Amino acid sequence: MAFDFWVGTWKVSDTKGSFVGRNRIEKVEDGCVLREHWTSSKGNFSGTSLNFYNSKTRQWEQLWVDNFGNHLKLKGNRLGNQMILSSEDFVHTDGNTYQNRITWTLKDNGTVRQLWEVLHDGKVSNVVFDGLYSKEEE
């Protein structure tokens, strides 16, 4: 599958190398779905996502939910060594229209970079998260 490079148990660090959490990605439903289990380093924030390929739209989809009641729906596809998923446009409290875009990049050394950007008029207005996934011993 196009997103199998994300499967595993990961230690996640920010761009400064500080540990920010652990993420376990597993194949479920006969390998047709990836389930994510996120826990922050302090243990106060957790979430899960389901990721699957929608054969009707020919796109990958993700539904994220967390322990703060947030949710995020994304869709997109893999391009080269990257999985790029985006949300539908949404109107923020400032009245402007934005879009979430999360890109997972498989690096040559087996690590994965996850970059979550918020776009306004097609340009990056904010980086929500920029992390590096390193596999943990299983």
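To be clear, the structure that these remarks concern was listed above.
Here's a quick rundown of the structure. Only a predicted model underlies this, so the values are computations on that prediction, with no experimental measurement involved.

Counting 18 residues, the largest nonpolar core has Phe-3, Trp-6, Trp-10, Met-83, Leu-85, Trp-104 and Val-112 as its most contacted members. Broken down by secondary-structure element, the contributors of at least two residues to this core are strand S1 (8-14), strand S3 (33-40), strand S5 (59-66), strand S6 (71-79), strand S7 (82-86) and strand S9 (97-106). Apart from residues no more than four positions distant in its own chain, Met-83 is found in contact with Ala-2, Phe-3, Phe-5, Trp-60, Asn-77, Arg-78, Ile-102, Thr-103 and Trp-104.

Now for the pairing of strand S4 (residues 46-54). Note: S3 against S4, seven bridges, orientation antiparallel. Residue pairing in the sheet places Thr-39 in a bridge with Ser-46 of S4. Turn length for the S3-S4 hairpin, with the two strands adjacent in sequence and antiparallel, is five residues, and the turn residue Gly-43 shows positive phi of about 80 degrees. In terms of strand pairing, S4 meets S5 through eight bridges, oriented antiparallel. Counterpart to Tyr-53 in the pairing with S5 is Trp-60.

Turning next to the environment of Asn-100. Mapped onto the elements, Asn-100 comes out in strand S9. Placed 14 residues apart in sequence, Asn-100 and Ser-86 show a C-alpha to C-alpha distance of 5.5 Å. With near-sequence residues (within four places) excluded, Asn-100 lies in contact with Leu-72, Leu-74, Leu-85, Ser-86, Ser-87, Phe-90, Trp-116, Glu-117 and Val-118. A distance of 2.9 Å separates the side chain of Asn-100 from the side chain of Trp-116, its partner in a polar contact.

This part covers the side chain of Gln-114. Counting through the fold element by element, Gln-114 comes out in strand S10 (residues 112-120). Only 2.4 Å separates the side chain of Gln-114 from the side chain of Tyr-133, close enough to count as a polar contact. In this structure, Gln-114 is in contact with Ile-102, Thr-103, Trp-104, Phe-129, Asp-130, Gly-131 and Tyr-133, ignoring residues within four places of it in sequence.

Attention shifts here to the environment of Phe-45. In this fold, Phe-45 is placed in the loop between S3 and S4. Residue classification places Phe-45 among the partly exposed residues on the basis of a relative accessible area of 25%.

Moving on, we get to the packing of aromatic side chains. All chains considered together, the criterion is met by eleven aromatic pairs. Seen in terms of ring centroids, Phe-3 and Trp-6 are 5.0 Å apart; in terms of plane orientation they differ by 15 degrees. Their pairing is stacked. Just as Phe-3 is buried, Trp-6 falls in that class too. Summarising the aromatic geometry, the rings of Phe-3 and Trp-104 are spaced 5.2 Å apart at their centres and angled 70 degrees between planes, so their arrangement reads as edge-to-face. With Phe-3 in the segment before S1 and Trp-104 in strand S9, this residue pair connects regions lying 101 residues apart in the sequence. Across this residue pair, the class does not change: Phe-3 and Trp-104 are buried.

The rules behind the values
- Residues numbered from 1 in each chain as written.
- Predicted model: local features only at pLDDT ≥ 70, side-chain atom pairs only at ≥ 80, totals over all residues.
- Heavy atoms only, no water.
- Core = buried A, V, L, I, M, F, W, Y, C linked by side-chain atoms within 4.5 Å.
- Buried < 20%, exposed > 50% of the residue type's maximum accessible area, 1.4 Å probe, protein only.
- Helix = DSSP H or I, 4+ residues; strand = E, 2+ residues; numbered from the N terminus.
- Contact = heavy atoms within 4.5 Å.
- Pairing = 2+ DSSP bridges.
- Polar contact = N/O pair within 3.5 Å; in protein donor to acceptor, adjacent residues only side chain to side chain.
- Phe/Tyr/Trp six-rings, centres within 6.5 Å; stacked < 30°, edge-to-face > 60°.

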